[in-house]
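Next come the chains, spelled out residue by residue.
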Amino acid sequence: MKKTIGVLIFIFLSGQVITAQKALTKDQRMQWWREARFGMFIHWGVYSVPAGSWNGRQIGGIGEWIMNRAKIPAAEYQTMAKQFNPVNYDPDSWAKMAKDAGMKYIVITAKHHDGFALFETKASKWNVVDATMYGKDLLKPLAEACKKYGIKLGFYYSQAQDWNNPGGSAARKPTSEGWANPDSVTIDAYTKEHKGHWDPAQEMKTFAQYIDNVAVPQVKELLTNYGDVAVLWWDTPTDMTNEAATKLKSQLTLQPAIITNDRLKRPNFPGDHKTPEQRIPNIKDLDGTDWETCMTMNGTWGFKSYDHNYKTPETLIRNLLDIASKGGNFLLNVGPDNLGEFPKESIDILAKMGKWMKVNGEAVYGTKASPWGLFTWGRCTSKETKDRTTLYFSVFDRPEDGKLEIPDLKNNIISAVLLANGTKLKTSVSKSGLLTVILPYKAFDPIATIVKVVVKGKVNSKTSSKNK
Ligand code: FHN
């Protein structure tokens, strides 16, 4: 009798769990992501060994594409895994650097187009455990570190392009996502005839076999063996079929709260968010779909020893503010080297961004787009509560007369302060609703000074459609 009751309770509870999981709406799944606004992309793999050079030659374009651009035969590329020995890999410090930078999530290349898995997998020997001296799963300790620091973890997975696992596809020309320096891609007669492949070893299996025997089982492993997976970031749907996409998509039920992007297959598989790459969209091109700009700090995703062309922390912080003011997320890339270290420049940038975010992050996290669109002097984000709206004006360029002018604001002003130090600011509102905030001379942040204005009620601006 007791046993039967126990079984009934178990069935009831499992039913509850299943119902609760099924009940997650898109808004519920997207809630943390929309609040996060800022994440870290990590491109890491065997390509960090050649680090942009092959046979004494610097290979143009993005570093993780070296195998394709230099048309390196699979067997030869695979020998480089022996030098992929990231003895300095310290996932705790990676997660901590992301957290200290103000990032709320990490998306790491579990497998990029070179097919190399950073995790233990039964589906292919081309992985960090079987093919390197290092011999250990790299994602497990990262998952633990992320948990420790309260960072959400996502996996990038190149579901179609795979240049080492036979049957995987290979892009023959720059894709709509856009490559850096597309003109450096060699498209010879062989690759043209062989759907982008340059080595017969790549064609020993069919695409369908690759999907069934490598991609689907690996995605299953990723969604089973690493605890909560917050994001699955598909990339380059080259030669994807509806059948393959449906099989891959069905694995997502293993993580009912997971968020996915729009790169599984186009069209028909829109995922949860769009993925503008290396660019920030104009407001007029936004259609209400969630979006995330992914961007490199220098000119490459995967490590290139000689690319020191880094954006400044100022540019990157302003990019983040620009993106937040348009309602998007910013996924900023780091490309670690083959020893497992972040480039020094990236470490410095993260630290500087973190310093700024510590003081001003309130203007980014959990905010919504600007009710006005863009301002010539900066950007705006907003937060609504029941009876008031908080407006965060990011001043990039202080108007010469020190007067910040915001049109069409009919609401009563509750307060206006500098977010950084709480200094109260004088305001006035004209009859036509032009709010003027008097900025101080001092305490001006050359990156962006945040003026926080709290007003009564909701803000409806007529000018929003003009400033795109
Ligand atoms: O081909 C990849 C590229 O290597 C990189 O991973 C970027 C990141 O968004 N995605 C593809 C190009 O769109």
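Here's a quick rundown of the structure. All values derive from a computational prediction rather than experimental measurement. (Residues numbered from 1 in each chain as written. Predicted model: local features only at pLDDT ≥ 70, side-chain atom pairs only at ≥ 80, totals over all residues. Heavy atoms only, no water.)

Attention now moves to the overall build of the protein. Along the backbone of the protein there are twelve helices and 17 strands. In summary, the protein has a C-alpha radius of gyration of 24 Å against a globular reference of 23 Å for 468 residues, a match within 12%. Overall, the C-alpha framework of the protein stretches about 75 × 75 × 40 Å when taken along its three principal axes. The buried share of the protein, taken over its 468 residues, is 55%. Expressed as a percentage of contacts within the protein between residues at least 6 apart in sequence, the contacts between residues at least 24 apart total 72%. (Helix = DSSP H or I, 4+ residues; strand = E, 2+ residues; numbered from the N terminus. Rg over C-alpha atoms; globule rule 2.2 N^0.38 Å. Buried < 20%, exposed > 50% of the residue type's maximum accessible area, 1.4 Å probe, protein only. Contact = heavy atoms within 4.5 Å.)

With that settled, the discussion passes to the side chain of T293. In this structure, T293 sits in strand β9 (residues 290-295). A residue is classified by how much of its surface remains accessible, and T293, at 0% relative accessible area, is buried. Apart from residues lying up to four places away in sequence, T293 is in contact with P276, R279, I280, P281, I323, N329, F330 and L331.

Two elements in contact, helix α9 (residues 207-224) and helix α10 (residues 242-250), have axes whose closest approach is 10 Å; the angle formed by their N-to-C orientations is 15°. It follows from the interaxial angle that α9 and α10 lie roughly parallel. Seen from above, α9 lies across α10 with right-handed handedness. Between α9 and α10, the contacting residues are F207, I211, D212, A215, V216 and V219 on the first element and A244, K247 and L248 on the second. Within the contact of α9 with α10, the residues separate by chemical class into seven nonpolar, no polar and two charged. (Axes fitted to C-alpha atoms, helices over the stretch in contact; angles between N-to-C directions. Parallel < 35°, antiparallel > 145°, perpendicular 65-115°, else oblique. Left-handed = near helix turned anticlockwise from the far one by under 90°. Nonpolar A, V, L, I, M, F, W, Y, C, P; charged D, E, K, R; others polar.)

Side chains of strand β6 (residues 231-234) alternate between two faces, with V231 and W233 and L232 and W234 buried alike. When β6 meets strand β7 (residues 259-260), the two strands line up parallel, connected through two bridges. Looking at β7, one finds that L232 is bridged to T260. (Pairing = 2+ DSSP bridges.)

Quick look at the site of the ligand now. Neighbouring residues of the ligand: 16 residues in total, closest H43, E64, H113, D235 and E277. The side chain of H112 places a nitrogen or oxygen atom 2.8 Å from an oxygen atom of the ligand. The separation between an oxygen atom of the ligand and a polar side-chain atom of Y156 is 3.3 Å. Coverage of the ligand by the protein amounts to 100% of the 320 Å² it exposes when considered alone. Considered class by class, the residues forming the shell around the ligand number seven nonpolar, four polar and five charged. (Near = heavy atom within 4 Å. Polar contact = N/O pair within 3.5 Å; in protein donor to acceptor, adjacent residues only side chain to side chain. Areas by Shrake-Rupley, 256 points an atom, 1.4 Å probe, with all protein chains shown as cover.)

It is worth spelling out the packing of aromatic side chains at this point. All told, the structure shown has 23 aromatic pairs when counted by the stated rule. When the ring of W44 is compared with that of Y89, the centres are 5.0 Å apart and the planes differ by 45°; the resulting orientation is tilted. In this pair, W44 sits in the loop between β1 (38-42) and β2 (53-54) while Y89 sits in the loop between α4 (74-79) and α5 (91-100), placing the two residues 45 residues apart along the sequence. Here the aromatic rings of W372 and F375 are separated by 5.9 Å at their centres, their planes lie at 45°, and the arrangement is tilted. Considered together, W372 and F375 belong to a single accessibility category, that of buried residues. Linked through ring pairs, W44, Y77, F84, Y89, W94, F116, W126 and F342 together constitute an aromatic cluster. (Phe/Tyr/Trp six-rings, centres within 6.5 Å; stacked < 30°, edge-to-face > 60°.)

Here we take up the sheet that holds strand β16 (residues 435-438). Spatially, β13-β16-β15 is the arrangement adopted by the three strands of the open sheet, whose pairing is antiparallel. The open sheet has two free edges, formed respectively by β13 (403-406) and β15 (427-429), since each of these has just one partner strand. Sheet twist, expressed as the average angle between the axes of neighbouring strands with direction ignored, equals 20°. In this structure, β13 lies alongside β16, joined through four bridges in antiparallel fashion. Within β16, the position partnered with K403 by the bridge is I438.

Attention now goes to the environment of A74. As for its placement among the helices and strands, A74 is situated in helix α4. Separated by 92 residues in sequence, A74 and P166 have C-alpha atoms that sit 9.6 Å apart. Filtering out sequence-adjacent residues up to four positions away, A74 remains in contact with M67, W163, N164 and D199.

Right, let's talk about helix α11 (residues 313-325) for a bit. For α11, built from 13 residues, the straight-helix expectation of 18 Å at 1.5 Å per residue is met to within 8% by its first-to-last C-alpha distance of 18 Å. Judged by how many residues are buried, α11 sits mostly within the fold: eleven of 13 residues are covered. Of all the positions in α11, only P313, L316, I317, R318, N319, L320, L321, D322, I323, A324 and S325 are classed as buried. With its phi angle positive at about 85°, G327 sits one or two positions after the end of α11. (Expected span 1.5 Å × (residues − 1).)

To continue, consider α5. When α5 is considered as a whole, its buried residues turn out to be P91, W94, A95, M97 and A98. Taken end-on, α5 shows its buried residues confined to a sector of 160°, consistent with a single buried face. In this structure, the buried residues of α5 make contact with β1, β4 (105-111), α7 (139-149) and α12 (344-360). (Arc of directions from axis to C-beta.)

The next subject is the packing of α5 against α7. Packed helix pairs are specified by the crossing angle of their axes together with the interaxial distance, meaning the distance between the axes. Interaxial distance between α5 and α7 falls to 8 Å at its minimum, and their mutual angle equals 40°. By the angle between their directions, the pair α5 and α7 is classed as oblique. In this structure, α5 meets α7 at a crossing whose hand is right-handed. Contacts between α5 and α7 pair P91, D92, W94, A95, K96 and K99 from the former with P141, L142, A145, C146, K148 and Y149 from the latter. Residue composition of the contact of α5 with α7, by class: eight nonpolar, no polar and four charged.

Turning our attention to the sheet that holds strand β17 (residues 449-456). Taken in spatial order, the four strands line up as β11-β12-β17-β14 in an open sheet, and their pairing is antiparallel. Sheet topology places β11 (378-384) and β14 (413-418) at the edges, where each strand pairs with a single neighbour. Pairs of neighbouring strands in the sheet enclose a mean axial angle of 15°, with direction left out of account. One ladder, built from seven bridges, connects β11 with strand β12 (residues 388-395); its direction is antiparallel. Note on β12: the bridge partner recorded for S382 is L391. The strands that α11 touches are β11, β12 and β17; relative to β11, the one it contacts most, it runs at about 50°.

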